[in-house]
Every structure is written in structure tokens, then in C-alpha cells.
Amino acid sequence: MMPDPIQSFRFIVTLDKADAYLPPAQAARLPLVAPGEFREAKGLGAELEVMGYAEGGNNSFVHQLPVRHSWSRIVLQRGVVRDPVLWGWYQAGLTQSLGARRDGSILLLNPDGGKVMAWNFKAGIAVKWGGPELNAMENAIALESLEIAHHGLTHTNIGATIDVGAVVDTVVGFFR
């Protein structure tokens, strides 16, 4: 029996209070960055750039050689709130190095609120802030967005392990 699919509608975003590159004594002086409640989180991805290399005398394929690895920017969207913490984090990157880089996590929750998966990013910096689009002719929620560039993601499956054999058996069963 295949396990139920993981629903993606419940998640939280946390940012560590300490600057990723500061000693703990200095980091303790920085203001706490509160967890965010967001409507949407996108950009949990990565890409390996490859370079084609044509080998002389071999016309059946082109070698694909790895060049460099890059991480997608994380894009967070939420309803506009009066708490200026995220705006302050963005401004820290513009005006000072202290407090500009933060580690953080995006935690996927099950319907009961338990942690299922986590994507942890390292040395994130707020690189783009977008204010709400205002239109008096529409009845919509004002949203702000924040883009985070970072130095890498780690993925943790906190919930039960996936039985790959059972998943393969289920998929094969569809074609019998």
C-alpha cells in the first residue's frame, strides 16, 4: 500500500537570530528575526551547469561535463503586516554587514502540525523585497515578497522513511 501523499499547504519559515558569520557573543547582540507566516514559498531548487564536449571521432553523443552548481533563490510571499522585521533584514544587507546573513529553515508540517520535512538554507541574505500591488478596482489581499539568496540547502526527511520498494511495486501494479 502506497503512503498518502504529503500535502504542501502547511509550512513555516524560520530564520536564526544569529548572523551566519558572527561569533556567538556578537550574534547575541543582534535583534531576533521572528518566524514568518507566509502564503507561499518557492525556489527550493538547484541546478548543475554542464558544458558539452564533443569528442573527436565520436558522433553518437556529446560528453556533458559538470562545471558549477548553483542554488535557486527562495521566494517568500505573505500578507502585508505591520511588523518591520523582514524589511529590517533586507535593509541590513544594504547598509551593513552585521546581521545581514542568516541561516534558516522551511518546515513542512502534516495536518496535525508535526514536522514532516525540512529544507535548511545556509548564509541567506535578503536580496529583493517587493511591496504590495495596490489596485482600488480589485478586492485582493496586499502581499509583500522577499527573495533570499543563499549558500546551499540541506534536505531532511523528519517523518517516516519512504519504502522505495513498495512505491515501485505500486507503480508497476498500475501497468499490469
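See above for the structure.
Residues numbered from 1 in each chain as written. Predicted model: local features only at pLDDT ≥ 70, side-chain atom pairs only at ≥ 80, totals over all residues. Heavy atoms only, no water.

Asks: What exactly am I supposed to notice about the overall build of the protein chain here?
Replies: Along the protein chain, the regular secondary structure elements total 3 helices and 9 strands. Along the chain direction, N to C, the helices and strands of the protein chain fall in the order β-α-β-β-β-β-α-β-β-β-β-α. Taking all 176 residues of the protein chain together, the buried fraction comes to 26%. The long-range share in the protein chain, meaning contacts at least 24 apart out of those at least 6 apart in sequence, stands at 66%. Carbon together with sulfur atoms contributes 56% to the accessible area of the protein chain, which is approximately 12,200 Å² in total. (Helix = DSSP H or I, 4+ residues; strand = E, 2+ residues; numbered from the N terminus. Buried < 20%, exposed > 50% of the residue type's maximum accessible area, 1.4 Å probe, protein only. Contact = heavy atoms within 4.5 Å. Areas by Shrake-Rupley, 256 points an atom, 1.4 Å probe, with all protein chains shown as cover.)

Asks: Can you walk me through the nonpolar core in this structure?
Replies: Across soluble globular proteins, you tend to see nonpolar side chains buried next to one another. Ranked by size, the top nonpolar core spans 19 residues in total, and within it Ile74, Leu76, Trp89, Leu146 and Ile148 carry the most contacts. Among the secondary structure elements, those contributing two or more residues to this core are strand E1 (11–19), strand E5 (74–79), helix H2 (85–95), strand E6 (102–109), strand E7 (115–130) and strand E8 (143–149). Top element by residues in this core is E7. It accounts for 5 residues. Leucine 76 has contacts with Val13, Phe38, Glu40, Ala41, Ile106, Glu144, Ser145, Leu146 and Ile148, leaving out every residue within four places of it along the chain. (Core = buried A, V, L, I, M, F, W, Y, C linked by side-chain atoms within 4.5 Å.)

Asks: I would appreciate a short explanation of the pattern of salt bridges in the present structure.
Replies: Pairs can form between side chains of opposite charge once their charged atoms are near each other. Taken as a whole and assessed by the stated rule, the structure comprises 7 salt bridges. The residue glutamate 147 makes a salt bridge to arginine 73 at a minimum N-O spacing of 3.2 Å. Linking glutamate 147 in strand E8 with arginine 73 in the loop between strand E4 (63–71) and E5, this pair joins segments that are 74 residues apart in sequence. When salt bridges that share partners are traced, they join Arg39, Glu40 and Lys42 into one network. (Salt bridge = Lys/Arg side-chain N within 4 Å of Asp/Glu carboxyl O.)

Asks: Mind showing me how you'd approach the environment of alanine 100 here?
Replies: Following the sequence through the fold, alanine 100 ends up in the loop between H2 and E6. Separated by 10 residues in the primary sequence, alanine 100 and tyrosine 90 place their C-alpha atoms 7.6 Å from one another. Apart from residues lying up to four places away in sequence, alanine 100 is in contact with Asp19, Trp89, Ala92, Gly93, Gly124 and Ile125.

Asks: Explain the environment of glutamate 40 here, please?
Replies: Tracing the backbone shows glutamate 40 in strand E2 (residues 40–42). Those residues in contact with glutamate 40 that lie beyond four places of it in its chain are Phe11, Val75, Leu76 and Gln77. A polar contact of 3.3 Å, which involves the side chain of glutamate 40, links it to the side chain of lysine 42. (Polar contact = N/O pair within 3.5 Å; in protein donor to acceptor, adjacent residues only side chain to side chain.)

Asks: Help me understand H2, please; the structure alone is not making it clear to me.
Replies: Because each turn of an α-helix spans 3.6 residues, side chains separated by three or four positions end up pointing in the same direction. Within the sequence span of H2, burial applies to Leu86, Trp89, Tyr90 and Ala92. Here the buried residues of H2 occupy an arc of 150° about the axis, which is enough to place them on one side. Opposite the packed face of H2, turned more than 90 degrees from it, sit the exposed residues Leu94 and Thr95. In this fold, the buried residues of H2 make contact with E1, E5, E6, E7 and E8. (Arc of directions from axis to C-beta.)

Asks: Whenever I open this one, unusual backbone geometry confuses me. Can you help?
Replies: Leave glycine aside and you will find that most residues have negative phi; peptide bonds, for their part, are mostly trans. With phi around 55°, alanine 123 is a residue other than glycine that occupies positive phi space. Following the sequence through the fold, alanine 123 ends up in strand E7.

Asks: Would you mind showing me how to read the pairing of E8 here?
Replies: Two faces belong to every sheet, and in a regular strand the side chains alternate between them. As judged from the 6 bridges shared by E5 and E8, these two strands associate in the antiparallel manner. When the bridges of E8 are listed, glutamine 77 appears paired with serine 145. Pairing between E7 and E8: 5 bridges, direction antiparallel. By the bridge assignment for E8, lysine 128 is matched with glutamate 147. (Pairing = 2+ DSSP bridges.)

Asks: Where do I start with the side chain of serine 105 in this structure?
Replies: Here serine 105 shows up in strand E6. Among the polar contacts listed, one links the side chain of serine 105 to the side chain of asparagine 120, at a separation of 2.5 Å. Not counting residues up to four positions away in its chain, the partners in contact with serine 105 are Ile12, Val13, Thr14, Trp119, Asn120 and Phe121.

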